Amino acid sequence: MSIFKGIEFDDSLAGLIRQMDAVQEYRETLQTLQAVWDNLTLLGQLSGTGTDMSATRQAFATLTAELLNHLGIETRNKTVQALKSKAQVAVDIMVRNLFERTADIGFLALDEDIRGFARCMGELLARGDDPQCCAAHRQRIEQRFREYVRKYSVYHNIILLGTDGRVLAQLDERNPVRCSADPVIGEALQTEGAYVEAFRRSDLLADERPGLIYAYRVTEADGSPLAVLCLCFRFENETRRIFANLCTARDWTVLALLDDEGAVVASSDPQHLPVGAPLERVLDSDWGIVHFRGREYLATTRPTQGYQGYMGPGWMGHAMIPLEHAFADQGTDRLARLPAEVVDAVMRSPTLFSDALRSIPRKAEQIQRALNSSVWNGNVRQSSSEVPTNNAFSKVLLWEIGNTGLKTTDVFERSIGNLNETVVSSILDDTRFLASLAIDIMDRNLYERANDCRWWALTSAFARWLARLGDMPDEARAAITEVLEAINALYTVYDNLVVFDTAGHVVAVSNPHYADCIGRAIGEEWVRRCLASADSQSYVVSAFAPTPLYRERHTYIYAAAITDEAHDGTCGGIGIVFDAEPQFRAMLHDALPRNARGEILPGSFAVFAERNRRVIASTSARHPVGSELPLPEELFQLANGTDSATIHALEGHYHAVGVRISAGYREYKSAGDAYRNDVAALVFVPLAAVPQQTDVPVPPPAPLRLPRLRQASVAGGSTEIATFFIGDEWLGIVSSSVLEAVEASGVTSVPGLPAHVHGVFMYRDRPILVLDLKDHLRLRRPVDADGYRQIVVVRGRAGEPFGILVHRLGEIPEVANARIDPVNQLYQSEAALAEQVVRPDSAAGEQGILVVLSPERILARLLGGRGSPIEPALALRALERA
């Protein structure tokens, strides 16, 4: 433990606690009250009231340290969780993107047109002919490159090089390179892998900054190399997009990708954290304090989790925030917008908070209850004091002690509420973040699908063989099937690829399980739209619906028209059947919330749904595809690209619900794209059971606030009444008949006694009866018999004591005798136990009636027999003998 301004804090908070404004505010308030407690303790010892506040003072001091520690830890954890999530997503989203690039280079290197051009150029150069002889052919290839990048806009250049490094064709005419010495050429020619990935400075790039290049050899059918193909990735453009999605305009967090030596590869703020700068990585723990350019940061570094076995270039995600801004906005005010009954149920959840957190309100309640008893008992003792001056001083002191206790309790309640809200708001933030992650993964994935169908539609073999379908049907189908199978082998996100003719009849499929579809018409509306497409940038998408092309399961089919350049028209189309069931499930699974051990939080689930609340995919069997989510419509009416987090009841539990509406990715579903299909990602975390009506706690009504009168200040005098609560009923007994209040523990049950005799309690070394009055009072609501907290010890006949079980203590006011009336037959049930009532002053806005009980009537009714009371002393002696 370490000491900060007089409070012991956990060592893990050293260096952080001074930056937590909310913790410091509560610390200052509680320490101010602690000074008051010091003074009151001293005055209590000098006053002769018999009220020693030392134990209460120490208990408050101990609980103050415990509370501030928990508040500090949860505040830190909330910020660290946000940093970890951002760092992890930054690197994992990039790795997911690059996984697609590894497939791109392998497939494009197999392109028949590129292979033909490389063969032509190789033969020409071997003969020593002028390369300009192939200028027209080069223009066609460069136009093909242009078509590719129009679809796969993640690339800024495509370069085809001879095996000697000579540039044969490239998309970017501004790039001055004519012959390259980059080692990537040799690596691409020699690798046994499916691609070469290089991030470095290169003469293949137009500027001197490092870039990301994917390369592979173009070969003859026998494997002999013809050329090397390079795809130049728009790395800076992509990192800007990733970082922009993770950082808001007012966010002080700086994000970076680091290489295996800790150097910055990409930065969300290059002026603040420049590329190439060395950073201290935080790998051995969830967080650490690092120094950079004379400033302290809270930081975390996360290695990638990889994607389908691909681990990327070895980069790590790094997030850091200046220490002075790390805890500025904890977002705890959002719960104020929720209904009180929802917040109350969540805050009382037995599973949401740790045992240590749940114990703090109980400890605070126990301390306050002990304090109330001390003050209450002090006032009772003063009722019999024979020293008027001392009596007056002591009553003021006791009032001040009670008032300070209320102030302290108020601070504790507010800080406990802040602590609990920090925990809940952290969960809400997490669900919102994970929903954003899920929809981002979906949009990025489906962007690739829109690109794939358009690019594959440009495969020249498809148009050539479709044109010969009439005279060579078997050969044409076989040739098209071979190409489809080769594509599907590389792109496993598809369950099936389909080529169809202008009549919508299936010509070939990649998946032999759908061979029975060949020759049949696809009777779905997207086929008509596909065949009517205007140009090579057009594509169509089916509704998310069951289809025979996916075994009657729900999916999207992306399609594009195949054009015959020779006849300047459409000769068919290609439909790519997305394997929606496992792919969407995997996306949602990766977005599920997890604990510190990486385990999915119990009961949590995630869903993709349309704006009409129809489920597209779900990790929960309770919400299958095609079902409708029973949630408010406003959750699905958010604007595109916006998110929210709130709490809603679902299936008998309150859930934290994070939601984000899709906004597309790059050109996909953006302003220039005709395709629109809004999808919501929702992440759910159970917080608490929705209480039954009988489980909802009913707060006791505010008691009548009676003035504290001096007896000489009113005509007719006044009477002190010691008040308490049974259930929510406000009751009292004249103070002179009360001995004190004690904790309701240590009561022993005795067989054979009436139900209203709760048992026997040892009071000042002698047994006394303890009575339960709930069945003998006209109570407005049922009483929780397990909720009794204290025993009010009362003088019986001839001074014999007995106890009354109560739920909590009230005030001990002095009441003007003029406002006290004897009971009458109006109070039928309570008349047997009550002797007086205190009338409220309606002019002062007072409400409610205080019922004053009679110890004699209680004994006569509950311990008497056949009309004559049993002497309590005799009953107790009988119990002693028993």
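Definitions and cut-offs
- Residue numbers restart at each chain and count upward from 1, following the sequence in its written direction.
- Per-residue local features are limited, in this predicted model, to residues with pLDDT of at least 70; the limit for side-chain atom pairs, both in listing and counting, is 80 or more; totals at the level of whole chains, interfaces and linings are taken over all residues.
- In computing side-chain values, all of the structure's heavy atoms are included and hydrogens and water are not.
- Here a helix means four or more residues in a row that DSSP labels H or I, a strand means two or more in a row labelled E, and each is numbered from the N terminus.
- In what follows, a contact means two residues having at least one pair of non-hydrogen atoms within 4.5 Å.
- Computed by Shrake-Rupley with a 1.4 Å probe, the accessible areas treat only the displayed protein chains as cover when residues are assessed.
- Paired strands, as defined in this entry, are two strands with at least two bridges between them according to DSSP.
- All axes are obtained by fitting lines to C-alpha atoms, using only the stretch in contact for helices, and the reported angles, taken between N-to-C directions, cover 0 to 180 degrees.
- For every residue, the accessible area (1.4 Å probe, protein chains only) is compared with the maximum for its type, and the residue is labelled buried under 20%, exposed over 50%, or partly exposed between those bounds.
- Any pair of nitrogen or oxygen atoms within 3.5 Å is treated as a polar contact; in protein, a donor-acceptor pairing is required on top of that, and neighbouring residues in sequence qualify only through side-chain atoms on both sides.
- In this analysis, the protein atoms alone were mapped onto a 1 Å grid. Cavities are point sets where a 1.4 Å probe fits without being able to get out; pockets are open sets with protein on both sides within 12 Å along at least five of seven lines; lining residues have an atom within 4 Å of a point.
- Grid points are joined across faces, edges and corners, and a volume is the space filled by probe spheres set on the points.
- The residue classification treats Ala, Val, Leu, Ile, Met, Phe, Trp, Tyr, Cys and Pro as nonpolar and Asp, Glu, Lys and Arg as charged. All others, Gly included, are polar.
- Here, the term nonpolar core denotes a set of buried Ala, Val, Leu, Ile, Met, Phe, Trp, Tyr and Cys residues that are joined through side-chain atoms within 4.5 Å.
- Roughly parallel means an angle under 35 degrees; roughly antiparallel, over 145; roughly perpendicular, 65 to 115; everything else is oblique.
- If you view the pair so one helix is near and one far, a crossing is left-handed when the near helix is turned anticlockwise from the far one by less than a right angle, and right-handed when it is turned clockwise.
- Two rings from Phe, Tyr or Trp (for Trp, the six-membered ring) form a pair when their centres sit within 6.5 Å of each other. Planes less than 30 degrees apart are called stacked, planes more than 60 degrees apart edge-to-face, and all others tilted.
- Think of it as a cone above the ring: NZ of Lys or CZ of Arg counts as a charge over the ring if it is within 6 Å of the ring centre and within 35 degrees of the ring normal.
- Per-residue confidence from the predictor is reported as pLDDT, a score between 0 and 100.

Caption draft 1: Molecular detail of the overall build of the chain. When helices and strands are tallied, the chain shows 15 helices and 38 strands. A sequence separation of at least 24 residues applies to 62% of the contacts in the chain between residues at least 6 apart. Surface accessibility of the chain: about 39,300 Å² in total, with carbon and sulfur atoms responsible for 51%.

Caption draft 2: Inspection of unusual backbone geometry at higher detail. Phi angles above zero are rare outside glycine, and arginine 551 is one such case at about 55°. The residue arginine 551 is located in the loop between β16 (545–547) and β17 (553–555) in this model.

Caption draft 3: Local environment of the sheet that holds strand β9 (residues 264–267). Here we have five strands laid out as an open sheet, ordered β9-β8-β12-β11-β10, and antiparallel in their pairing. Edge positions in the sheet fall to β9 and β10 (288–292), since each of these pairs with one other strand and no more. This sheet shows a mean twist of 35° between the axes of neighbouring strands, independent of strand direction. With five bridges connecting them, strand β8 (residues 254–258) and strand β12 (residues 316–322) associate as antiparallel partners. Note that in β12 the partner of leucine 258 across the bridge is methionine 316. On top of the sheet, helix α2 (residues 54–108) reaches β8, β11 (295–303) and β12; it is set at about 50° to β11, its chief contact. Set on the sheet, helix α6 (residues 235–246) makes contact with β8 and β9; between it and β8 the angle comes to about 140°.

Caption draft 4: Looking closely at the sheet that holds strand β23 (residues 653–661). Here we have five strands laid out as an open sheet, ordered β21-β20-β24-β23-β22, and antiparallel in their pairing. At either margin of the open sheet sits one strand with a lone partner, and together these are β21 (615–618) and β22 (643–650). Strand-to-strand twist of the sheet, defined as the mean angle between neighbouring strand axes without regard to direction, takes the value 25°. Relative to the sheet, helix α13 (residues 580–590) contacts β20 (605–610) and β21, its axis offset from that of β20 by approximately 125°.

Caption draft 5: Fine view of the side chain of threonine 301. Within the secondary structure, threonine 301 sits in strand β11. On the basis of relative accessible area, threonine 301 is assigned to the buried category, the value being 2%. One polar contact links the side chain of threonine 301 to the main-chain amide nitrogen of valine 282, over a distance of 2.9 Å. The residues contacting threonine 301, other than those within four sequence positions of it, are Leu258, Arg281, Val282, Leu283, Met316, Gly317 and His318.

Caption draft 6: Inspection of the layout of surface pockets at higher detail. Taken as a whole, the second largest pocket spans an internal volume of roughly 1,700 Å³. Taken together, 50 residues make up the lining of the second largest pocket; nearest its centre are Gln81, Asp430, Arg594, Asn595 and Ala596. For the lining of the second largest pocket, the element with the most residues is α2, which contributes 13 residues. Across the lining of the second largest pocket, the residue classes tally to 25 nonpolar, 14 polar and 11 charged.

Caption draft 7: The arrangement of the environment of arginine 857 in detail. In this fold, arginine 857 is placed in helix α14 (residues 855–863). For the pair arginine 857 and glycine 796, spaced 61 residues apart in the sequence, the C-alpha separation amounts to 9.7 Å.

Caption draft 8: Molecular detail of the pairing of β23. Most of β23 is tucked away: eight of the nine residues are buried. Relative to β23, β22 runs antiparallel, the two being bridged by eight bridges. Each bridged residue has a counterpart across the sheet, and for histidine 648 the counterpart in β23 is histidine 655. Once β22 ends, the chain turns through two residues before running back antiparallel as β23, passing glutamate 651 with a positive phi of about 55°. Of the strand pairs in this sheet, β23 and strand β24 (residues 679–689) are connected by nine bridges, and their pairing is antiparallel. Within β24, the residue paired with histidine 655 across the bridge is proline 686.

Caption draft 9: Representation of the side chain of serine 618. The topology assignment puts serine 618 in strand β21. Only 2.9 Å separates the side chain of serine 618 from the backbone nitrogen of serine 620, close enough to count as a polar contact. At a separation of 3.2 Å, a polar atom in the side chain of serine 618 contacts the main-chain carbonyl oxygen of histidine 623. Residue contacts for serine 618: discarding those within four places in its chain leaves Leu588, Ala606, Val607 and His623.

Caption draft 10: Local environment of the pairing of β20. With six of six residues buried, β20 lies mostly within the body of the structure. Neither face of β20 is open: one carries Phe605, Val607 and Ala609, the other Ala606, Phe608 and Glu610, and all of them are buried. Looking at chain direction, β20 and β24 are connected through six bridges and run antiparallel. Paired with glutamate 610 across the strands is valine 679, a residue of β24. Both β20 and β21 contribute to a ladder of three bridges, which runs antiparallel. Paired with alanine 609 across the bridge in β21 is valine 615.

Caption draft 11: Local environment of the nonpolar core. In this structure, Leu160, Trp456, Tyr556, Tyr558, Phe584, Phe608 and Ile647 are the most contacted members of the largest nonpolar core, which totals 170 residues. Ile726, Ile768, Val770 and Leu863 belong to the second largest nonpolar core, which has 43 residues in total.

Caption draft 12: A look at the packing of helix α3 (residues 112–127) against helix α4 (residues 135–151). Contact pair α3 / α4: the axes reach a minimum separation of 10 Å and the direction vectors enclose 150°. Taken together, α3 and α4 sit at an angle that is classed as roughly antiparallel. Read as a crossing pair, α3 and α4 show a hand that is left-handed. Residue-level contacts link Asp113, Ile114, Gly116, Phe117, Cys120 and Met121 of α3 to His137, Arg138, Ile141, Arg144 and Phe145 of α4.

Caption draft 13: Geometry of the packing of aromatic side chains. Evaluated as defined, the whole model comprises 27 aromatic pairs. Relative to tyrosine 214, the ring of tyrosine 195 lies with its centre 6.5 Å away and its plane at 50°, an arrangement referred to as tilted. One end of the pair, tyrosine 195, is in the loop between α5 (184–190) and β5 (196–200); the other, tyrosine 214, is in strand β6 (residues 211–219), with 19 residues separating them in the sequence. For tyrosine 195, a relative accessible area of 27% translates into the label partly exposed. Residue tyrosine 214 is classed as buried on the basis of its relative accessible area, which comes to 0%. Between phenylalanine 199 and tryptophan 315, the aromatic rings sit 5.1 Å apart at their centres with planes inclined by 80°, giving edge-to-face as the arrangement. Of this pair, phenylalanine 199 sits in strand β5 while tryptophan 315 sits in the loop between β11 and β12, and the two are 116 residues apart along the sequence. The lysine or arginine in question, arginine 553, covers the ring of tyrosine 550, its NZ or CZ lying 3.8 Å from the ring centre.

Caption draft 14: Examining the confidence of the model for the chain more closely. Scored by pLDDT, the chain comes out at a mean of 87, with 90% of its residues at no less than 70. Every residue in residues 865–872 scores below 50 in pLDDT, and together they form nine contacts with partners more than four places removed in sequence or on other chains.

Caption draft 15: Just empty space enclosed by the protein, in detail. In the structure shown here, the tally under the stated rule is four cavities of 30 Å³ or more. By volume, the largest cavity is sized at about 150 Å³. Contributing to the lining of the largest cavity are Ile93, Arg96, Asn97, Phe99, Glu100, Tyr307, Ile441, Arg444, Asn445, Glu448 and Tyr665. Contributions of two or more residues to the lining of the largest cavity are made by α2 and α9 (388–457). At five residues, the largest contribution of residues to the lining of the largest cavity is made by α2. Tallied by class, the residues present in the lining of the largest cavity amount to five nonpolar, two polar and four charged.

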